[in-house]
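Structure at a glance
Read off the chains here:
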Amino acid sequence: MRTAESIRSIRAIFKRELAGYFGSPVAYVFIVIFLLLLGFFTFYINHFFEMGQADLRSFFEWIPWVFMFLVPAVAMRLWSEERRLGTLELMLTLPITIFEAILGKFLAAWAFLGICLLLTFPMVLTVLYLGSPDMGAIFTGYVGSFLMAGAFLSIGSMTSSLTRSQVISFIIAVVICLFFILAGYPPITEIFSGWAPKWLMDLVAQMGFLPHYASIKRGVLDVKDLLYFFSVIFFMLAVNGAVLENRKTA
Amino acid sequence: MIEVRELTKVFDVKTAVNSVSFTVEKGEILGFLGPNGAGKSTTMRMITGFLPPSSGTAVIGGCDIVGDSLNARRKIGYLPENAPVYREMRVTDFLNFCAEVRGVDSGSQQARVDETIEKCFLSDVRFQTVATLSKGFKQRVCFAQSILHDPEYLIFDEPTDGLDPNQKHEVRLMIREMSAEKAIILSTHILDEVDAVCSRAIIIANGKIVADDTPQGLKATSPTHGSLMVRITAEEPNALLMLLKAEPGVKAAEILEQSDRHARIRIFPENPDAPPIADRILAMLSARSATVHSLLVEEGRLDEVFRAITTS
Ligand SMILES: Nc1ncnc2c1ncn2[C@@H]1O[C@H](COP(=O)(O)OP(=O)(O)O)[C@@H](O)[C@H]1O
Ligand SMILES: [Mg+2]
């Protein structure tokens, strides 16, 4: 009974939010920027064609860095805007739980990012044209990218609930995302390896996105890595909920 | 019934709402009055479940807003202060969204939305996005959202704020029409509104209830309640004033304005609620060959009462 109602509320919010993305020009601008940036990095910086390799390794290499800025930009309005315009009061006095509201919004934004990722399909066509790529690795690469988008998004959703200012939300989210990328990033770990205890290094490295992302995009869908991304999402959305529960004002 | 039990809200060090209790029955329209910053919105935000109370609770039709929040919220229609609405949505889409979340049966959903649009005079703008609407229309869209699911309990935070006099009139009419089978709380700092729509009024100042009565009852506490106001033309108004003061049943009398032979006099009876002294005053005045232009018994003025209570 309650489950059916939950699903109905989540679906209604999901639909409203997703329609909101495609009803505003910002979404299209975002998609264009996303595709241009990825294209620029992959083709221009990495000399995609000169490498002559029929795979998307360099493409997936860039995704975390592009997401680090673009996903917080998508997430920043999720709650800040509701707080600033007072619609949060409308939303939270409807007969829905905070969890349903968060999930509805999160899933809509995640679906939007999924659509952005799908729009990179010409890359796949290009490598298919160039040779016979490992389609399994490409598939898991996309899965990994999508999961990472979700993790970044959950961070952005959480920071967006902290403030009415989208700019502040964006900056905090980028900083946290950067931490998750750099934790376990070899050039950084080397700096610390001299003095930090090994167990701490390992722990921090385990928290980083990149090792998990790396194993997924190699073509290995390990439950451990999936679990990792879903735990990050779960944790961030739980904090998001706690922030909204305990807010003092709109 | 809405039962508010010792609601209290403390913001950091400031107590915005201090142990407020009252009940509202179906058929009542309760006016929630108070100067800006008195705690009206904060109280309403707690009753509707938006802000958790620091202590106390509200029970809406048997459901506790703290303990059984979802069921309580289901019974409420709420128009928040400043009427927030999703700006990028079209009016119909917005109302359909609210209906869907509220679980209005999907077969009758469109009919309900259409009916509400009619009722709130939104037919002309139904396909417009909210961002392009004027303040009055935005207010009505948010109002429409609050009555869409035909709730038993309605809470309006300054429903006529920022509307022009015609729109104010329309909104008040709508509220009055609905009142028969609903319990309604509306906040305002417009005193005419209380007279026009409310069956009961609570005055709140600094987070505390300082008066709870019918509008008539409140007005009866006004110092001018029951006083007589006469406009006359006479040879010597001042001489008349002395005679009026000497009249039995008259406690005091004063000339409010005078120019030559014209004067406006206010007469305070010994007991405002005793049998009226107006006819005796009239007889006395015409016996002295004064011309009476008008005579008015004052009901008392809410703004005087309001000022007296909220500034003391
Ligand atoms: N989030 C908040 N944090 C701190 N103080 C607040 C907050 N919201 C309201 N207040 C204070 O509580 C008091 C009551 O505010 P409010 O309920 O909005 O008054 P009203 O609606 O009667 O004008 C005001 O003094 C206001 O400054
Ligand atoms: Mg207010």
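Cut-offs and rules
- Residues numbered from 1 in each chain as written.
- Chains lettered and ligands numbered in written order.
- Predicted model: local features only at pLDDT ≥ 70, side-chain atom pairs only at ≥ 80, totals over all residues.
- Heavy atoms only, no water.
- Near = heavy atom within 4 Å.
- Polar contact = N/O pair within 3.5 Å; in protein donor to acceptor, adjacent residues only side chain to side chain.
- Areas by Shrake-Rupley, 256 points an atom, 1.4 Å probe, with all protein chains shown as cover.
- Helix = DSSP H or I, 4+ residues; strand = E, 2+ residues; numbered from the N terminus.
- Pairing = 2+ DSSP bridges.
- Contact = heavy atoms within 4.5 Å.
- Axes fitted to C-alpha atoms, helices over the stretch in contact; angles between N-to-C directions.
- Domains from an automatic or database assignment.

This part covers the site of ligand 1. Lining the immediate environment of ligand 1, one finds 13 residues, of which B:Lys14, B:Gly37, B:Lys40, B:Ser41 and B:Thr42 sit closest. Looking at what sits near ligand 1, you find residues from chains A and B. B:Gly37 is positioned with one of its backbone polar atoms (N or O) 2.7 Å from an oxygen atom of ligand 1. At 3.0 Å, a backbone N or O of B:Gly39 approaches an oxygen atom of ligand 1. Protein contacts shield 71% of the accessible area of ligand 1, which totals 560 Å² for the unbound molecule. Those elements giving two or more residues to the shell around ligand 1 turn out to be β2 (14-24) and α1 (40-47) of chain B.

All names here are of chain B. Read from one edge of the open sheet, four strands run β2-β1-β4-β5, paired in antiparallel fashion. Each edge of the open sheet carries a strand with a single partner, namely β2 and β5 (63-64). Here seven bridges tie strand β1 (residues 2-11) to β2, and the two strands are oriented antiparallel to one another. Residue pairing across strands places Phe 11 opposite Lys 14, the latter belonging to β2. Where α1 meets the sheet, its contacts fall on β1, β2 and β4 (55-60), and the angle it forms with β1 comes to roughly 120°.

A few words now on the domain arrangement of chain B. Assigned domains of chain B: these are domain 1 (2-219) and domain 2 (228-300). Between the C-alpha centres of domain 1 of chain B and domain 2 of chain B the distance comes to 45 Å.

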